[in-house]
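Listed here are the chains, written in short residue letters.
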Amino acid sequence: MLIPNQTVLFNRLRTRQLQLLLAIQEHHSLRKAAEHLGMSQPAATKMLRDMEDLIGLKLFERGRRGLQATAYGTVMTRYAQGVSADLAGVREELLAIHSGNIGKIRVGAIMAPVPQLLTSALLNVKQQHPRLAISIQVDTSDVLITALKEERLDVVIGRIPDAWDGASLVFEPIQEEALSIVCSPQNQAARKYHVTLRDLAGLPWILQAHPSPMRKVIELSFVEARLALPLNIMETSSMLLTSSLVRHSDMLAVMPTLVANHYVERGTLAIVPLPIRKHLPPFGILMRKTRSPSPAIQIFIEEVKARAHTPRHADRSA
């Protein structure tokens, strides 16, 4: 059967039908979905049948746990989620503009750009646009990209991890990311001038969990040195917890050099004099292909780009 073209779908699909898809996906029951929307079950049944007749495909099938989306239903439900998120965003932007603001943006960022690039960009944006509402989530790229795809973030400063499908995303690289091994300023064993990875292998380490690109780089470093990965490992993605644990113990950790320098300047951590030759792939600006940036998001992106190309940032990432 021929699937209708874009114009037919746009003209004939109704918001109420998309709400029904979301309700069925949540409740796995046509009756409960109808109750949730305040309509009768026969009306909900007809609405679902009308959608399936329009598209020419089965959207839901009955299983042991109630109604389950088919592959086609999953696509339609994802589209409905996107429309719902867009409408929520439109409402927030309209309210913000009406109240004198220029809008709201939800930013995700990995840790590397936070101490300098992101901080200076945010401060300048807020200075120029004090009523722009900005929320920031700092996490690993895999967590942030999931949130971006699920419409919970508008823009991410990060990278597309290996084995991830980036077909639905737009990625613009802005800066490379060097890594450093850090220790406590009192850790004399790790701060010796002539130190090798073999010397450090017996110490306790803090590493990010898989599939972190940072974890992959340090594992490759041990493999190339023909060493087994240390047995005494703690895993966390929190840089705050990592820095606190390292500062008060003989543990070692790997973190972006930009972040390590931030702690070194404050005297809370020291960089082990053993360079990690492998760099992480460049991080950059990530957005969904299907969403055009709002004026507020564009302001933020342009500020990040401008800050990323200043000499200070270029020198520190070399």
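The structure this text deals with has already been given above.
Residues numbered from 1 in each chain as written. Predicted model: local features only at pLDDT ≥ 70, side-chain atom pairs only at ≥ 80, totals over all residues. Heavy atoms only, no water.

Draft legend 1. Examining the packing of helix H2 (residues 15-27) against helix H4 (residues 41-55) more closely. Following both chains from N to C, one finds H2 and H4 inclined at 105 degrees, their axes separated by 10 Å at the closest point. As summarised for this structure, H2 and H4 are arranged roughly perpendicular, according to the angle between their axes. The segment H2 lies against H4, with Arg16, Gln17, Leu20, Leu21 and Ile24 engaging Ala44, Met47, Leu48, Asp50 and Met51. Residues that form the contact of H2 with H4 fall into these classes: 7 nonpolar, 1 polar and 2 charged. (Axes fitted to C-alpha atoms, helices over the stretch in contact; angles between N-to-C directions. Helix = DSSP H or I, 4+ residues; strand = E, 2+ residues; numbered from the N terminus. Parallel < 35°, antiparallel > 145°, perpendicular 65-115°, else oblique. Contact = heavy atoms within 4.5 Å. Nonpolar A, V, L, I, M, F, W, Y, C, P; charged D, E, K, R; others polar.)

Draft legend 2. Examining the environment of methionine 214 more closely. Here methionine 214 lies in helix H9 (residues 213-224). For methionine 214, a relative accessible area of 8% puts it in the buried group. Separated by 13 residues in sequence, methionine 214 and alanine 201 have C-alpha atoms that sit 17 Å apart. Residues in contact with methionine 214, not counting those within four places in the same chain, are Leu179, Gln208, Met239, Val254, Met255, Pro256 and Leu280. (Buried < 20%, exposed > 50% of the residue type's maximum accessible area, 1.4 Å probe, protein only.)

Draft legend 3. Here's a closer look at the packing of aromatic side chains. Applying the stated criterion across every chain yields a total of 1 aromatic pair. Between the aromatic rings of tryptophan 205 and phenylalanine 222, the centroid separation amounts to 5.6 Å while the plane-to-plane angle is 75 degrees, which identifies the pairing as edge-to-face. With a gap of 17 residues between them, tryptophan 205 in strand S8 (residues 205-207) and phenylalanine 222 in helix H9 connect regions that are remote in the sequence. By the burial criterion, tryptophan 205 is buried, and phenylalanine 222 matches it. (Phe/Tyr/Trp six-rings, centres within 6.5 Å; stacked < 30°, edge-to-face > 60°.)

Fair warning: the whole summary comes from geometry, so function is off the table for now.
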